[in-house]
Amino acid sequence: MKKGILVLVAIILVLALILGIKIIKTEKKDYTPEKIKKKILSAYDYTNYTYEYIQNGQKTTKKVRGNIIVTENDSTYSWIDGEAMSKVTIDKEKNTYLMTKLNASTKDLLYKKDFIDIKSLLNKYGNDLIYLGDENYKGRNCLKIRAGENTEYLIDEETGFVLKYEPSDGTVAEFNIEINNVTEDDVKLPDLSKYERVS
């Protein structure tokens, strides 16, 4: 009799444990539009990272270290010093470069630490941001959100960076992020003597 009671208690404990685990796993996170915005804007706190943008098989890499932003793809290399307010753009195909001094308005336009100007998008969507759930993407835990009527984003929960977005036109943009991996050499201004200066 005692043995039967012990077995019954053990079964009840195991069931309670299994149900408890399921409840913990399915507990939904509470992400209001304000919390979503705060999470996304936290990406701007990072000052050392590599951010890759892949669309239609073409890759663009952005390396950020302090005030320096280097953006590069197959045809163009861009180097911006946000503190010195200067920009150098190299056309790899023509072997030319253009040196530009930035002012306050051009800096706002050109000095982007991301690819899709998420600050402007957040202003555009306002509170029209809906948390749809979690999704694992490329080994990273992401928040899946819908912005507006048809655009979905995957936001890296740890860093706040956008890792994927699918706008209503059916295109898909994918991103990779690595934190604290950019050295001084990675963002050093290249030797411009190999290029012809244009104005």
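Everything discussed here concerns the structure shown above.
My aim in this report is to walk through the structure given alongside it, one point at a time. Because the structure is predicted, anything quoted here is derived from the model rather than measured. (Residues numbered from 1 in each chain as written. Predicted model: local features only at pLDDT ≥ 70, side-chain atom pairs only at ≥ 80, totals over all residues. Heavy atoms only, no water.)

Considerations on the pattern of salt bridges
And step 1. Counted according to the given criterion, the structure contains nine salt bridges.
And step 2. The partner of R140 in a salt bridge is D156, with the nearest N and O atoms 3.0 Å apart. Taken together, the residues R140 in strand β8 (residues 140-147) and D156 in strand β9 (residues 151-156) connect sequence positions 16 residues apart.
And step 3. The partner of K144 in a salt bridge is E152, with the nearest N and O atoms 3.6 Å apart.
And step 4. Using a relative accessible area of 26% as the deciding quantity, one classes K144 as partly exposed.
And step 5. Through salt bridges with shared partners, a single ionic network connects E135, K144 and E152. (Salt bridge = Lys/Arg side-chain N within 4 Å of Asp/Glu carboxyl O. Helix = DSSP H or I, 4+ residues; strand = E, 2+ residues; numbered from the N terminus. Buried < 20%, exposed > 50% of the residue type's maximum accessible area, 1.4 Å probe, protein only.)

Re the environment of Y46
And step 1. Here Y46 lies in the loop between α2 (33-41) and β1 (48-55).
And step 2. For the pair Y46 and V64, spaced 18 residues apart in the sequence, the C-alpha separation amounts to 8.8 Å.
And step 3. Contacts of Y46, omitting those with residues within four sequence positions, involve K113, E158, T159, F161 and I179. (Contact = heavy atoms within 4.5 Å.)

Observations regarding the pairing of strand β2 (residues 58-65)
And step 1. For β1 and β2, the ladder comprises eight bridges, and the chain directions are antiparallel. Across the sheet, Y51 pairs through a bridge with K62, a residue of β2.
And step 2. From the end of β1 to the start of β2, which pair antiparallel, there are two residues, and N56 there has a positive phi angle of about 55°.
And step 3. Bridge count for β2 against strand β3 (residues 68-72) is five bridges, and the pairing is antiparallel. If you follow R65 over to β3, its bridge partner there is I68.
And step 4. Connecting β2 to the next strand, β3, in antiparallel fashion are two residues, including G66 with a positive phi near 60°. (Pairing = 2+ DSSP bridges.)

Observations regarding the pairing of strand β11 (residues 173-179)
And step 1. Of the pairings in the sheet, the one linking β1 to β11 comprises six bridges and is antiparallel in character. Bridging across to β11, Y49 finds its partner in I179.
And step 2. Of the pairings in the sheet, the one linking strand β10 (residues 162-166) to β11 comprises two bridges and is antiparallel in character. Following the sheet pairing, Y165 is matched in β11 by A173.
And step 3. Between β10 and β11, which follow one another and run antiparallel, lie six residues, and G170 among them has a positive phi close to 90°.

Looking at the sheet that holds strand β12 (residues 196-198)
And step 1. In spatial order, the strands read β7-β8-β9-β10-β11-β1-β2-β3-β4-β5-β6-β12; together these 12 strands make up an open sheet with mixed pairing. At either margin of the open sheet sits one strand with a lone partner, and together these are β7 (129-137) and β12. On average, each strand axis in the sheet is tilted by 15° relative to the strand beside it, whichever way the strands run.
And step 2. Contacts from α2 reach β7, β8 and β9 within the one sheet, and its direction differs from that of β7 by about 50°.
And step 3. The strands touched by helix α4 (residues 118-125) within the sheet are β7, β8, β9 and β10, with β9 carrying the most contacts at an inclination of about 130°. (Axes fitted to C-alpha atoms, helices over the stretch in contact; angles between N-to-C directions.)

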